[in-house]
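Remarks on the overall topology
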Amino acid sequence: MSQYRAPCLTAGDRPHVVQQQFTYKPYGTPEKVFKDVVKLTSFLSNMKGIHAERVSFDFDTMDCPFQAAWTLGKPAVDNRVGQVGAPNLNRAEFLAWLAGLEMNVKERDFELMLGQTVRVNVPCGVLNLKSEATADAR
């Protein structure tokens, strides 16, 4: 902790929040489990309860195609999601939705994957999970 330094706060300052993850793995455990980049449809197919979701996103309004970086945390901690490249505020609702998703993995696999990041290729088109129809993304 002696290496961490933060300025003294004055009245009215917002507190600083720092989060650091430590992972302990047995010798021989792979460092990376996720693929580096996946298609949105492949990514969503691995989410728990995705067929019950009722959302619609028009990626054409979000400067598509683009990539999102998604870091697995749930259910232990919150997932982290960010934009790769130039940010676009029109993506905020979609990224917040991605952050709330929980991956459908067994507990043992979850322990190996916790804290790992995958880049998700988001295409142009519309993602419509309001009906039983599959996602319509080009």
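Here, the structure is the one placed above.
Residues numbered from 1 in each chain as written. Predicted model: local features only at pLDDT ≥ 70, side-chain atom pairs only at ≥ 80, totals over all residues. Heavy atoms only, no water.

Some words on the overall build of the protein
What the protein contains, in helices and strands, is three helices and six strands. Listing each helix as α and each strand as β along the protein from the N terminus yields β-α-β-β-β-α-α-β-β. For the protein, with 138 residues in total, the buried portion stands at 29%. A separation of at least 24 residues holds for 75% of the contacts in the protein among residues at least 6 apart in sequence. Put simply, the protein shows about 9,800 Å² of open surface, and 52% of that area lies on carbon and sulfur atoms. (Helix = DSSP H or I, 4+ residues; strand = E, 2+ residues; numbered from the N terminus. Buried < 20%, exposed > 50% of the residue type's maximum accessible area, 1.4 Å probe, protein only. Contact = heavy atoms within 4.5 Å. Areas by Shrake-Rupley, 256 points an atom, 1.4 Å probe, with all protein chains shown as cover.)

Section: the pattern of salt bridges
Evaluated as defined, the whole model comprises one salt bridge. As a salt-bridge pair, lysine 48 and glutamate 102 come within 3.1 Å of each other at their nearest N and O atoms. Linking lysine 48 in the loop between helix H1 (40-45) and strand S2 (56-58) with glutamate 102 in the loop between helix H2 (92-99) and helix H3 (107-113), this pair joins segments that are 54 residues apart in sequence. You can call lysine 48 partly exposed: its relative accessible area is 44%. A relative accessible area of 24% places glutamate 102 in the partly exposed class. (Salt bridge = Lys/Arg side-chain N within 4 Å of Asp/Glu carboxyl O.)

Here we look at the nonpolar core
With 28 residues, the main nonpolar core has Phe43, Leu44, Phe59, Phe94, Trp97, Leu98 and Leu127 as its most contacted residues. Residue assignment for this core shows that the elements contributing at least two residues are H1, strand S3 (66-71), H2, H3 and strand S5 (117-122). A total of four residues in this core trace back to one element, the largest contributor, which is H2. Ignoring sequence-local partners within four residues, the contact set of leucine 98 consists of Phe43, Leu44, Ala68, Trp70, Asn79 and Val81. (Core = buried A, V, L, I, M, F, W, Y, C linked by side-chain atoms within 4.5 Å.)

These values are about where atoms sit, not about what they do.
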